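Now for the letters of each chain:
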Amino acid sequence: MEDKITIIEGPPPTFEAVQDGWAQGISDSPFFSGVLSTRLRTFDGPALVERCQTAWSSRNPIHLEYKTMDGLREEAPIIAARNVQTDEGDMLMLWVRVEEDDLELEIAYEDDDEDEYDEEDDEDFDPDML
């Protein structure tokens, strides 16, 4: 029987690529896969980490089950787990393995205040200075 940690409510988790060597090392698999991490708020983070450790010590897999934006259920094998205490409560950090075929790359760009376009800059522009 496979054990699962299921996200019951809230939006789908946000996954981030992991470049740490330790995560790549523990995700050894015969399949070409990537390691992603996610952070989830939880009521009892230490109990969820203990569930992962119990499954791993018995040499059983444990999966993260979640809904996608389309409402479809997905699962990903959990390869590492950690609980972090925050002011808002427990934060469960999970590292999961995802096959490369299932990965989609999304690039986000955050503007700094100094990079924002300002119309006043156009007023100071002098084409003769070129």
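Above: the structure in question.
Residues numbered from 1 in each chain as written. Predicted model: local features only at pLDDT ≥ 70, side-chain atom pairs only at ≥ 80, totals over all residues. Heavy atoms only, no water.

(A) Highlighting the side chain of S37. Here S37 lies in strand β3 (residues 33-42). Setting aside anything within four residues of it in sequence, one finds S37 in contact with T14, F15, E16, V18, L94 and W95. (Helix = DSSP H or I, 4+ residues; strand = E, 2+ residues; numbered from the N terminus. Contact = heavy atoms within 4.5 Å.)

(B) Layout of helix α2 (residues 45-57). Across its 13 residues, α2 extends 18 Å between first and last C-alpha, which sits within 8% of the 18 Å expected from 1.5 Å per residue. Positive phi shows up at R59, right after α2, with a value of about 60 degrees. (Expected span 1.5 Å × (residues − 1).)

(C) Seen up close, the pairing of strand β4 (residues 62-67). Of all 6 residues in β4, 5 are buried; the element is thus mostly enclosed. As defined by bridge partners, β4 adjoins strand β5 (residues 73-86) across 5 bridges and the pair is classed as antiparallel. Paired with E65 across the two strands is E75, which belongs to β5. What sits between β4 and β5 in their antiparallel hairpin is a turn of 5 residues, with G71 showing a positive phi close to 85 degrees. (Buried < 20%, exposed > 50% of the residue type's maximum accessible area, 1.4 Å probe, protein only. Pairing = 2+ DSSP bridges.)

(D) Structural view of the nonpolar core. Within the largest apolar cluster, 17 residues are counted, with the highest numbers of intra-cluster contacts made by I5, I62, L64, I78, L94 and V96. When contributions to this core are tallied by element, the ones reaching two or more residues are β3, α2, β4, β5 and β6 (89-99). For I5, the contacting residues outside a window of four places in its chain are L48, R51, C52, I62, H63, L64, E65 and I78. Counting 6 residues, the second-largest nonpolar core is a separate cluster that includes V18, V35, I79 and W95. (Core = buried A, V, L, I, M, F, W, Y, C linked by side-chain atoms within 4.5 Å.)

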